[in-house]
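In case you want the letters, here they are:
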Amino acid sequence: QLEQANTARNQALAAFMAACKHSPKPELLLLSTAQLAHMLGEDSIAIQFYKRAHVENPQDSRSSFFIAQMNMLAKNWDKADLWIQRSLTRDEKEPLALLSSALIKAELGNLEEAVILAKKGCAIRPKDFNLRLLQARVLRIALKPTHALEILAALPEPLRSSKIATEERKQCVRLLEENNQ
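Visitor: Looking at this structure, how should I read the packing of helix α6 (residues 95–107) against helix α8 (residues 129–141)?
Guide: Describing two packed helices takes the angle between their axes plus the distance from one axis to the other. Packing of α6 against α8 brings their axes to within 9 Å, and their N-to-C directions diverge by 15 degrees. In this view, α6 runs roughly parallel relative to α8, as classed from their interaxial angle. In terms of crossing hand, the pair formed by α6 and α8 is left-handed. Judged by residue contacts, P95, L96, L99, A102, L103, A106 and E107 of α6 engage L131, L134, Q135, R137, V138 and I141 from α8.

Visitor: How do you make sense of α6 when you look at a structure like this?
Guide: At 3.6 residues per turn, the α-helix brings residues three or four places apart onto the same side. For α6, built from 13 residues, the straight-helix expectation of 18 Å at 1.5 Å per residue is met to within 8% by its first-to-last C-alpha distance of 18 Å. Counted residue by residue, α6 has eleven buried out of 13 residues, so it is predominantly covered. Along α6, the residues classified as buried are P95, A97, L98, L99, S100, S101, A102, L103, I104, K105 and A106. Buried-residue contacts for α6 involve α4 (62–73), α5 (77–90), α7 (111–124) and α8. Looking one or two residues past α6, G109 carries a phi angle of roughly 90 degrees, positive in sign.

Visitor: Just to check I follow, could you spell out the packing of aromatic side chains for this structure?
Guide: Taken as a whole, this structure holds two aromatic pairs when the rule is applied. On the basis of an interplanar angle of 40 degrees and a centroid distance of 5.5 Å, the ring pair of Y50 and F66 is categorised as tilted. Placement of the pair is Y50 in helix α3 (residues 43–56) and F66 in helix α4, with a sequence separation of 16 residues. Look at F66 and you get partly exposed, because its relative accessible area is 22%. Taken together through their ring pairs, the aromatic side chains of Y50, F65 and F66 make up a single cluster. Over the aromatic face of W83 sits the side chain of R86, whose NZ or CZ is 4.4 Å from the ring centroid.

Visitor: Would you mind showing me how to read the pattern of salt bridges here?
Guide: Pairing is possible between side chains that carry opposite charge, provided their charged atoms lie close to one another. One pass over the full model with this rule turns up seven salt bridges. R137 is the partner of E168 in a salt bridge, and the nearest nitrogen-oxygen pair spans 2.8 Å. Linking E168 in helix α10 (residues 163–180) with R137 in helix α8, this pair joins segments that are 31 residues apart in sequence. Taking relative accessible area as the criterion, R137 reaches 26% and is therefore assigned partly exposed. Here the residues in one salt-bridge network are R137, R140 and E168, joined through shared partners.

Visitor: Help me out: how do you make sense of the environment of L159 in this one?
Guide: Along the chain, L159 falls in the loop between α9 (145–153) and α10. Counting along the chain gives 133 residues from L159 to P26, while the straight-line C-alpha distance between them is 39 Å. Here L159 is in contact with F129, N130, L133 and A165, once residues within four sequence places are set aside.

Visitor: What is the right way to read the side chain of S100 from this model?
Guide: Locating S100 in the fold gives a position in helix α6. Apart from the residues within four sequence positions on either side, S100 is in contact with F65, Q69, M72 and I84.

Visitor: Can you walk me through the nonpolar core in this structure?
Guide: For soluble globular proteins, nonpolar side chains are generally found buried alongside one another. Among the nonpolar cores identified, the biggest contains 36 residues, and F49, Y50, M72, I84, I104 and V138 are the most heavily contacted of them. Of all the secondary structure elements, the ones that give two or more residues to this core are α1 (2–22), α2 (27–39), α3, α4, α5, α6, α7 and α8. Of the residues forming this core, the biggest block, seven residues, is contributed by α6. Beyond its immediate stretch of four places on either side in the chain, Y50 contacts L31, A34, Q35, H38, S63, F66, I67 and M70. With ten residues, the next largest nonpolar core counts L139, L152, L155 and C172 among its residues.

About the criteria used
Residues numbered from 1 in each chain as written. Predicted model: local features only at pLDDT ≥ 70, side-chain atom pairs only at ≥ 80, totals over all residues. Heavy atoms only, no water. Axes fitted to C-alpha atoms, helices over the stretch in contact; angles between N-to-C directions. Helix = DSSP H or I, 4+ residues; strand = E, 2+ residues; numbered from the N terminus. Parallel < 35°, antiparallel > 145°, perpendicular 65-115°, else oblique. Left-handed = near helix turned anticlockwise from the far one by under 90°. Contact = heavy atoms within 4.5 Å. Expected span 1.5 Å × (residues − 1). Buried < 20%, exposed > 50% of the residue type's maximum accessible area, 1.4 Å probe, protein only. Phe/Tyr/Trp six-rings, centres within 6.5 Å; stacked < 30°, edge-to-face > 60°. Lys NZ or Arg CZ within 6 Å of the ring centre and 35° of its normal. Salt bridge = Lys/Arg side-chain N within 4 Å of Asp/Glu carboxyl O. Core = buried A, V, L, I, M, F, W, Y, C linked by side-chain atoms within 4.5 Å.

This is the structure in structure tokens:
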């Protein structure tokens with residue numbers, strides 16, 4: 001049954017790719033094809049179609065955002081920065097893109113800029129606790145573990161007890177211990 005599902009997904013991807021070739025205006029179809037390829041683990045195909053979607057639909061920030069995310073996961077920080085900037089050029093007030101940019105900047109060592117971007121993203125949606133979790137990570141990387149711990153402590157359950165928040169808290173405590181030695 002799993003093999004049949006994978007075969008069906010791959011056939012769907014092939015159909016989407018063929019439809020992109022024949023469509024006179026494939027903007028959203030390109031994005032859907034990229035997302036399907038990404039879901040199937042076909043990253044090179046996904047990036048190819050995300051790039052095409054980026055070119056074909058100049059108002060849409062999603063394709064460049066998704067390329068940035070893929071590069072973040074691969075820890076390709078310079079490429080991630082390039083693509084998140086392209087995304088923000090198209091939508092400068094997208095909170096998740098701002099927080100992604102903040103995390104990228106922090107990983108690249110641009111700590112002051114990272115903290116400012118994280119604050120800006122959270123100000124747009126102050127009740128979005130997932131953004132707050134990202135802000136805490138940025139603050140930890142920016143060597144502000146006390147502030148990060150304050151944010152983590154204010155997260156609602158079950159997010160506060162989640163594996164990712166618990167690991168972030170441990171890393172903040174570790175950083176504080178190292179600084180006290």
